[in-house]
Amino acid sequence: MPTFATEPSASAFVQVRSWLTTAPLGALAELACRAGYLARGFIYLSIGAMAVAAALDLTPKAEGSRGVLETWANWPFGVLLLWLIGLGLYAFAGWRLLQSVFDADRQGASLKAIGSRAGQAISGVVYGALGISVFGLIDTLAGFTETDDQARTRQTVAKVLDLPGGELLIAAAGLFILGAGVGNIIQVFGRDFCKRLACEEAVRKWAPWVGRAGYLGRGVAFLPVGGLMLMAGLKARSGEATGMGGALQMMEAQPFGDALLILVAIGLIAFGVFALIEARYRRMAVEEVIG
């Protein structure tokens, strides 16, 4: 069945109109998954933009995903934006479910494929949890400014540490984030970023560079988050933990920190842009999986 990303020569509007007419269920499901990439991209664009602003002293500090939600809440139509992002995050979690459980990307059952699908499953849980937090924040909009992004991370870690085996859970989470950071950096050198894109030749010339910059910036940002989370688990101290916002603030505090923060922020912005490219051009066999 033709999908939205298999006819790059046609306009997006023409493709969607034709597609909704011929296969409405598959079209709506795939459009939801693509909306998930839009939500993901918008979040990373915002994180990167706020980090650049922090490096230039235009805003007090860099923020992680939860921090940018606070900022959006103060925008005109901010609640509407949060609703759209929350629904998009749910959709992206659903796409991760199709990838990991139903092998929507047709990766197979090799050891490498199983590892990739396991990572996609965990990613789905993370984005689903972030989607839940969006709607939780909408319900308690007045309390947005009570705690910052870093404090919320430490509160969550403290609760997990109080559970039986909580130290191991936090240490394992730190190892996973570290592995994700290293994996993102490795992909910069070994991944074909156009492999799953159905796009024009002109897009193929620059899209891989955006993808490489994005995965490098995201990988570098993940490393301190994972390292500090691991230490929090090993030392059983929630104060060691931090989220992405805290990690970006740590970078800024280093020698030449403003320049480092701007470089990483540009990478995060590139990651967001690549997510938008995937929203438009990524091949998705959604109809085959749900059909």
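No experiment lies behind these values; they were computed from the predicted model shown. (Residues numbered from 1 in each chain as written. Predicted model: local features only at pLDDT ≥ 70, side-chain atom pairs only at ≥ 80, totals over all residues. Heavy atoms only, no water.)

1. Some words on unusual backbone geometry
And then number 1: For aspartate 57, which is not a glycine, the phi torsion comes out positive at approximately 60°.
And then number 2: The topology assignment puts aspartate 57 in the loop between helix 2 (24-55) and helix 3 (65-73).
And then number 3: By relative accessible area, aspartate 57 is classed as exposed at 63%.
And then number 4: Of note, the phi angle at aspartate 103 is positive, near 50°, even though the residue is not glycine.
And then number 5: On the secondary structure map, aspartate 103 appears in the loop between helix 4 (78-100) and helix 5 (111-139). (Helix = DSSP H or I, 4+ residues; strand = E, 2+ residues; numbered from the N terminus. Buried < 20%, exposed > 50% of the residue type's maximum accessible area, 1.4 Å probe, protein only.)

2. With respect to the pattern of salt bridges
Side chains that differ in charge, positive against negative, can pair when their charged atoms come close.
And then number 1: The full count for this structure, using the stated rule, is 5 salt bridges.
And then number 2: For arginine 117, the salt bridge is made with aspartate 103, and the minimal N-O distance between the two is 3.9 Å. Taken together, the residues arginine 117 in helix 5 and aspartate 103 in the loop between helix 4 and helix 5 connect sequence positions 14 residues apart.
And then number 3: With a shortest N-O distance of 3.0 Å, arginine 282 and aspartate 105 are connected by a salt bridge. Note that arginine 282 is positioned in the loop between helix 10 (257-281) and helix 11 (286-290) and aspartate 105 in the loop between helix 4 and helix 5, a separation of 177 residues in sequence. Side by side, arginine 282 and aspartate 105 carry an identical accessibility label, which is buried.
And then number 4: A single network of salt bridges, built from pairs that share partners, joins Asp105, Arg191, Glu278 and Arg282. (Salt bridge = Lys/Arg side-chain N within 4 Å of Asp/Glu carboxyl O.)

3. Notes on the confidence of the model for the protein chain
Interpretation of this model should avoid reading the predicted coordinates in detail wherever pLDDT is low.
And then number 1: Model confidence for the protein chain is summarised by a mean pLDDT of 85, while 87% of its residues fall at 70 or above.
And then number 2: Here helix 1 (residues 12-22) stands out as the least confident element of the protein chain, with mean pLDDT 64; helix 10 is the most confident, with 95.
And then number 3: Counted against residues more than four places away or in other chains, residues 142-146, with its pLDDT under 50, gives 7 contacts. (pLDDT = per-residue confidence, 0-100. Contact = heavy atoms within 4.5 Å.)

4. Section: the packing of helix 8 (residues 201-235) against helix 9 (residues 244-252)
And then number 1: Remark: helix 8 packs on helix 9, axes separated minimally by 9 Å, with the N-to-C direction vectors making an angle of 105°. Comparing their axes, helix 9 and helix 8 come out roughly perpendicular. Here Val220, Ala221, Phe222, Pro224, Val225 and Leu228 of helix 8 lie close against helix 9, whose contacting residues are Met244, Ala247, Met250 and Met251.
And then number 2: Partitioning the contact of helix 8 with helix 9 into residue classes produces 10 nonpolar, no polar and no charged. (Axes fitted to C-alpha atoms, helices over the stretch in contact; angles between N-to-C directions. Parallel < 35°, antiparallel > 145°, perpendicular 65-115°, else oblique. Nonpolar A, V, L, I, M, F, W, Y, C, P; charged D, E, K, R; others polar.)

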